[in-house]
Amino acid sequence: MNSTENIHLVYLDSDFNFVRVNQTYASTAGYEPDEMIGKNHFALYPHPENEAIFTRVRDTGVPFSIKDKPFTYPDQPERGTTYWDWSLMPVKDKNSTVTG
């Protein structure tokens, strides 16, 4: 995951807890990758609209992508609004149940 130098990459479980985090993502958020493991994405970054999107992807198994999605870090408001391109790709088990 760390060979993707300019790509922010994470793997979340089906409850949106961090399982793997690359260095680029962690550094941008002000953490080391190991500090994020086991923490819930929406406990760190509460955002009802984003959580609804993640939940829909998990519940339907349908991927979602968006460009320039505005986001303000709740713990770092001095950074202002940042803009993110997302690709949410559900990972499914052999029964097509989303596991991550």
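Here we summarise the structure given alongside this text. Here the residue numbering is sequential within each chain, running from 1 through the sequence in written order. Side-chain atom pairs in this predicted model are given and counted only at pLDDT of 80 or more, local residue features only at pLDDT of at least 70, and totals for whole chains, interfaces and linings cover all residues. In computing side-chain properties, one takes all heavy atoms of the structure into account and sets aside hydrogens as well as water.

### A closer look at the overall build of the protein chain
No. 1: Think of it this way: any DSSP run of H or I at least four residues long counts as a helix, any run of E at least two long counts as a strand, and we number them from the N terminus. Per the secondary structure count, the protein chain includes 4 helices and 4 strands.
No. 2: Its helices and strands in sequence order give the protein chain the pattern β-β-α-α-α-α-β-β, from N to C terminus.
No. 3: The dimensions of the protein chain, computed from C-alpha atoms along their principal axes, are 45 × 25 × 25 Å.
No. 4: Counting only contacts in the protein chain whose residues sit at least 6 apart along the sequence, the fraction spanning at least 24 positions is 32%.
No. 5: All accessible areas in this document rest on Shrake-Rupley with a 1.4 Å probe, and a residue is counted as covered only by the protein chains that are shown. Element-wise, carbon and sulfur atoms account for 51% of the exposed surface of the protein chain, whose accessible area totals about 6200 Å².
No. 6: Averaging the coordinates of the 9 positive side-chain charges in the protein chain and doing the same for the 14 negative ones gives two points 7 Å apart. Any pair of residues with heavy atoms lying within 4.5 Å of one another is described as a contacting pair. His is not counted, nor are the chain ends; Lys and Arg add positive charge and Asp and Glu add negative charge. Positions of charges follow a simple convention, taking NZ of Lys, CZ of Arg, CG of Asp or CD of Glu.

### A short note on helix α4 (residues 48–60)
No. 1: Helix length check: α4, at 13 residues, gives a terminal C-alpha distance of 18 Å against a target of 18 Å (1.5 Å per residue), a fit within 8%.
No. 2: Among the residues of α4, those classed as buried are N50, I53, F54 and V57. The buried residues of α4 occupy one face: seen down the axis, they fall within an arc of 95 degrees. Seen from the buried face of α4, the exposed residues on the opposite side, beyond 90 degrees, are P48 and D59.
No. 3: Of the surrounding elements, those touching the buried residues of α4 are β1 (10–12), α3 (41–44), β3 (64–72) and β4 (81–88).
No. 4: Just beyond α4, the residue with positive phi is G61, at close to 75 degrees. What a helix should span is 1.5 Å times the count of its residues minus one. Burial classes: relative accessible area under 20% of the type maximum marks a residue as buried, over 50% as exposed, and values in between as partly exposed (1.4 Å probe, protein chains only). When we speak of the arc, we mean the arc of directions from the helix axis to the C-beta atoms.

### Section: the nonpolar core
No. 1: Only buried Ala, Val, Leu, Ile, Met, Phe, Trp, Tyr and Cys residues count toward a nonpolar core, and they belong to the same one when joined by side-chain atoms within 4.5 Å. In this structure, F18, Y25, M36, Y45, F54, W86 and L88 are the most contacted members of the largest nonpolar core, which totals 21 residues.
No. 2: Elements supplying a minimum of two residues to this core: β2 (18–21), α1 (23–29), α3, α4, β3 and β4.
No. 3: For F54, the contacting residues outside a window of four places in its chain are L12, F16, H41, F42, W86 and L88.

### Here's the deal with the pattern of salt bridges
No. 1: Each salt bridge in this description consists of a side-chain nitrogen of Lys or Arg and a carboxyl oxygen of Asp or Glu lying within 4 Å of one another. Here the structure, examined in full by the defined rule, presents 2 salt bridges.
No. 2: Residues K69 and E49 are paired through a salt bridge, measuring 3.5 Å at the closest nitrogen-oxygen approach. Of this pair, K69 sits in strand β3 while E49 sits in helix α4, placing them 20 residues apart in sequence.
No. 3: Between D59 and R58 there is a salt bridge, and its shortest N-O distance comes to 2.9 Å.

### What about the pairing of β2?
The side chains of a regular strand alternate between both faces of the sheet.
No. 1: Pairing between two strands requires that DSSP report at least two bridges joining them. Bridge count between β1 and β2: 3 bridges; the pairing is antiparallel. Across the sheet, the residue bridging to L12 is F18, located in β2.

### Here's the deal with the environment of S14
No. 1: You can see S14 is positioned in the loop between β1 and β2.
No. 2: Under the relative-accessibility criterion, S14 is labelled partly exposed at 25%.
No. 3: Separated by 70 residues in sequence, S14 and W84 place their C-alpha atoms 22 Å apart.
No. 4: Excluding residues within four positions of it along the chain, S14 makes contact with R58, V98, T99 and G100.

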